[in-house]
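Next come the chains, spelled out residue by residue.
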Amino acid sequence: MAACIELLKKSFPKIEGELQDYVSSILESGGDEFESSEEIYDAIGGILHEVAADKSEDDIKGLCDQFYGLMHKDAKKPTDRKILDAPVNLGSIVGQFDNGDTEHKSIWVVSRDDSLKVDSKKLEKAKAKLEQKKEKRSEVKAPAAAPVLQTASASQVISKKDNKLESKGTNRSMDIRIENFDVSFGEKVLLQNADLTLAYGRRYGFVGRNGLGKTTLLRMISSKHLQIPSHITILHVEQEVVGDDTIALDSVLECDFVRSNLLKREKEINSLISSGTADPALSAELSEIYIQLESIEADKAPARASIILNGLGFTKQMQAMTTKEFSGGWRMRLALARALFSKPDLLLLDEPTNMLDIKAIIWLENYLQQWPTTLLVVSHDRNFLDTVPTDILYLHSQRIDTYKGNYEQFDKTKTEKHKAQRREYEAQLAHRQHVQEFIDRFRYNANRAASVQSKIKMLEKLPELKPVEKEVEVTLKFPEVEPINATMIQLNEVGFRYNESRTIFNCVNLSANLDSRICIVGENGAGKTTLLKIITGINEPTSGLMTTHRALRLAYFAQHHVDSLAMNVNSVELLQNEFPGKTVEEYRRQLGSFGVSGDLALQVIASLSGGQKSRVAFAKMCMSQPNFLVLDEPTNHLDIETIEALGHAINNYKGGVILVSHDERLIRMVCKELWICGNGTVQSIDGGFDEYRKLVEKELEAANA
């Protein structure tokens, strides 16, 4: 065996192709898997037989010459090597190698003739070794696949004390404390060594720039990837209710599992009693059920559920509809109603105002101010954050800071904190420079050596302060337009209906020019988006007349405009495809006007956050240099800073703007004229948003009376 392995080592440089892989694997293992040299030669012959199946005549001759190289150095060239059949049927090559050594005497057969095949077991063994060798090489050579950033993960350092208390059931505090935890999304670290404390009964507003991990953290908490005491109930409003034959009101009532189970058992016992087959002990159980139903005020539950549904916009008729009859937006409202009705110990809400009109938002603000348990809400609605939270959680730099008070107080405190940190940093920097100048000046002065050493030690002991981080300011800039002093859009007695039984509005008389800043408000379903589609020409009015100025260049930002973007290209390519013929610099300049610059403009759109996609949509909308903007709910994906930037951009824009929005702060920033859509008409209101809010609050008071 040893002599055979040595022969293979010497012959290896002459061997090529498939044969080389297999011989290499034999040399690496030292031939341990074989019992004799003959078995090694037979196995190699099996490989030759296999690879010769698709070879030409010349290739087969070459393979036989390779085998000759595998024999003993004193071996004679085969005396009987010939092509047995015609070239059309390559036939067999038979070479007899004889060196006088019986151990190394073997007949090598290469053939397509089944009768001349080698031992099948040896062939399978040889093939398996070759495949194993190929896999090993591919593992070494193949580059590592890029990680797919599709899942989030969380880790947490848990104290042994808390673990023991939890396992024994002795830690019944309703406060939540999550210490020293990390959250990642693929390879991107969102939170590192972070701490989060939620005191029972407090309402927390969770804020921070888009893409930093707010929604991911809510999912980690609700899915128990981060340790929460097991006795605390958590409800995360994230997915819409599944549509089925359940009545909307019953769908909400079902969330009270205690009440539902008691009523179910009551019905079962009454059925048994009425049939005469009941056990006398069931009467006592029934009495106990009635006592429990009374203690939880089960009879008042339908009224309480109805009040919640009504506040979120469900009329009496809608409350009697089945869940499958509602659109996705209304099913999300239904999911919110179920959460508010069930009152979990910890309620998690992610952008709850996105699905609501202003009337429902005002109702929700008032309702949540009396929320009895712990609330954690992600929101970019500045007015909502000023009204609902008792505390603000600020996510930045992979950590979470807690501030007492609402968003306005947080903003002031954070600003003052940053100013103080900046002053401290600048003062220390000036002090360091002054001391360093002294050291440099007298470093080689023998009389001042002691003083210099003292100064050096003092500098070493000074705490190293870092400069205050500056958040990148979001800027949006709409295109410059030529002023036109004329009416751009005129609606005269305009009406619209989808069919004879569904009229949206009648007799609308409105006009707009390049100075207009018109905001349209109203309940969902009142026709706000329909009115915008008529103004943009997507829908034709069923009555009346709409006229536009010949110089009007109108751009429309649809409510679901972001979802219609091509996701498999980057932002520059998107503009190139939509508006060909311009230079790359022009496309990048356009994107830069909306804060999409640098590497961000070269990222695939699917990888951008919701707010970044909205900015790309703005850039696309403005490529045609419009002088009139029609915007339908443009704030849905934007963070607070970008909404603020949008307000400033609208105010600086020289063209006209018609805006549908439920964001109170944005409306107050830009609105010059308020249109109310409802009751089959659209009318302008004096007094602006303040007057409209008073009307809504009066309606809510009347509904609750």
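This text follows the structure it describes.
Keep in mind it's a predicted model, so treat the numbers as computed, not measured. (Residues numbered from 1 in each chain as written. Predicted model: local features only at pLDDT ≥ 70, side-chain atom pairs only at ≥ 80, totals over all residues. Heavy atoms only, no water.)

**Quick look at the overall build of the protein chain**
Scanning the protein chain from N- to C-terminus turns up 24 helices and 20 strands. Of the contacts formed within the protein chain by residues at least 6 apart in sequence, a portion of 68% connects residues at least 24 apart. Summing over all exposed atoms, the protein chain offers an accessible surface of approximately 37,100 Å²; the carbon and sulfur share of this is 48%. (Helix = DSSP H or I, 4+ residues; strand = E, 2+ residues; numbered from the N terminus. Contact = heavy atoms within 4.5 Å. Areas by Shrake-Rupley, 256 points an atom, 1.4 Å probe, with all protein chains shown as cover.)

**Quick notes on the pattern of salt bridges**
Evaluated as defined, the whole model comprises 21 salt bridges. Note that Glu 664 and Arg 693 form a salt bridge whose closest N and O atoms lie 2.6 Å from each other. On the criterion of sequence distance, the pair formed by Glu 664 in helix α23 (residues 664–670) and Arg 693 in helix α24 (residues 688–704) is long-range, its members being 29 residues apart. Comparing Glu 664 with Arg 693 shows no difference in burial state: the two are buried. Each of the salt bridges in this network shares a partner with another, and the network as a whole consists of Glu 365, Glu 664, Arg 668, Asp 690, Arg 693 and Glu 697. (Salt bridge = Lys/Arg side-chain N within 4 Å of Asp/Glu carboxyl O. Buried < 20%, exposed > 50% of the residue type's maximum accessible area, 1.4 Å probe, protein only.)

**Quick word on unusual backbone geometry**
Negative phi is the rule for most residues except glycine; trans is the rule for most peptide bonds. Look at Asn 193: it is not a glycine, yet its phi comes out positive at around 50°. The residue Asn 193 is located in strand β5 (residues 188–198) in this model. Residue class for Asn 193 comes out exposed when judged on its relative accessible area of 53%. Phi is positive for Lys 343, close to 50°, though the residue is something other than glycine. Mapped onto the secondary structure, Lys 343 falls in the loop between α13 (328–342) and β8 (346–350).

**Re the side chain of Asp 391**
Here Asp 391 is to be found in strand β10 (residues 391–396). Note on Asp 391: relative accessible area 0%, which makes it buried. A polar atom in the side chain of Asp 391 sits 2.9 Å from the side chain of Arg 202. Residues in contact with Asp 391, not counting those within four places in the same chain, are Arg 202, Arg 203, Tyr 204, Gly 205, Tyr 403, Lys 404 and Gly 405. (Polar contact = N/O pair within 3.5 Å; in protein donor to acceptor, adjacent residues only side chain to side chain.)

**Notes on the packing of helix α11 (residues 301–311) against helix α14 (residues 358–368)**
For the pair α11 and α14, interaxial distance at closest approach is 9 Å and the crossing angle is 135°. On the basis of their axis angle, the class for α11 and α14 is oblique. Taking contact as the criterion, the partners of Ile 307, Ile 308 and Gly 311 in α11 are, on α14, Ala 360, Trp 363 and Tyr 367. Here the contact of α11 with α14 is composed, by residue class, of five nonpolar, one polar and no charged. (Axes fitted to C-alpha atoms, helices over the stretch in contact; angles between N-to-C directions. Parallel < 35°, antiparallel > 145°, perpendicular 65-115°, else oblique. Nonpolar A, V, L, I, M, F, W, Y, C, P; charged D, E, K, R; others polar.)

**Quick look at the environment of Glu 240**
Structurally, the position occupied by Glu 240 is in the loop between β7 (234–237) and α8 (248–253). Spatially, the C-alpha atoms of Glu 240 and Leu 336 are 8.7 Å apart, while their sequence positions differ by 96 residues. If we skip the residues at most four places from it in the chain, Glu 240 touches Gly 328, Arg 331 and Met 332.

**Details of the packing of helix α19 (residues 571–578) against helix α20 (residues 584–592)**
Two quantities define a packed helix pair, namely the angle between the axes and the distance from one axis to the other. Contact geometry for α19 and α20: axes closest at 9 Å, N-to-C directions at 115°. In terms of orientation, α19 lies roughly perpendicular with respect to α20. The interaxial crossing formed by α19 with α20 has right-handed handedness. Judged by residue contacts, Ser 571, Val 572, Leu 575 and Gln 576 of α19 engage Val 584, Tyr 587, Arg 588, Gln 590 and Leu 591 from α20. (Left-handed = near helix turned anticlockwise from the far one by under 90°.)

**Quick notes on the environment of Arg 338**
Summarising the element assignment, Arg 338 is placed in helix α13. Expressed as a C-alpha distance, the spacing of Arg 338 and Glu 254, which sit 84 residues apart in the sequence, is 8.4 Å. Apart from the residues within four sequence positions on either side, Arg 338 is in contact with Val 241, Ser 251, Val 252, Glu 254 and Cys 255.

**Observations concerning the nonpolar core**
Counting 89 residues, the largest nonpolar core has Leu 312, Leu 340, Leu 368, Phe 478, Phe 618, Met 621 and Leu 631 as its most contacted members. If you tally residues by element for this core, the top one is α13, at nine residues. Residue contacts for Phe 478: discarding those within four places in its chain leaves Phe 594, Phe 618, Met 621, Cys 622, Leu 629, Leu 646, Ala 649, Ile 650 and Tyr 653. In terms of nonpolar packing, the next biggest core, distinct from the first, is built from 27 residues, Ile 518, Ile 535, Tyr 556 and Trp 675 among them. (Core = buried A, V, L, I, M, F, W, Y, C linked by side-chain atoms within 4.5 Å.)

**Quick word on the environment of Glu 325**
Position of Glu 325 relative to the elements: it lies in the loop between α12 (316–319) and α13. Given the relative accessible area of 49%, Glu 325 is considered partly exposed. Taking the C-alpha atoms as reference, Glu 325 lies 8.3 Å from Asp 244; in sequence the two are 81 residues apart. A polar atom in the side chain of Glu 325 sits 2.8 Å from the side chain of Thr 322.

**Brief notes about the packing of aromatic side chains**
To describe a pair of aromatic rings, you give the distance between the ring centres and the angle between the ring planes. Inspection of every chain in the model, using the stated rule, returns 14 aromatic pairs. On the basis of an interplanar angle of 75° and a centroid distance of 5.1 Å, the ring pair of Phe 314 and Trp 330 is categorised as edge-to-face. Here Phe 314 is found in the loop between α11 and α12, whereas its partner Trp 330 is found in helix α13, with 16 residues between them in sequence. Residues Phe 314 and Trp 330 agree in their burial class; the two are buried. (Phe/Tyr/Trp six-rings, centres within 6.5 Å; stacked < 30°, edge-to-face > 60°.)

**Some details on the sheet that holds strand β17 (residues 628–632)**
Spatial ordering of the open sheet is given by β16-β17-β18-β14-β19-β20, a layout of six strands whose pairing is mixed. Where the open sheet ends on each side, the last strands, each with one partner, are β16 (554–557) and β20 (681–685). Going across the sheet, the axis of each strand differs from the next one's by a mean of 20°, ignoring polarity. Sheet analysis places strand β19 (residues 673–678) next to β20, joined by five bridges and oriented antiparallel. Paired with Ile 676 across the strands is Gln 683, a residue of β20. The strands touched by helix α21 (residues 610–621) are β16 and β17; relative to β16, the strand with the most contacts, the crossing angle is about 160°. (Pairing = 2+ DSSP bridges.)

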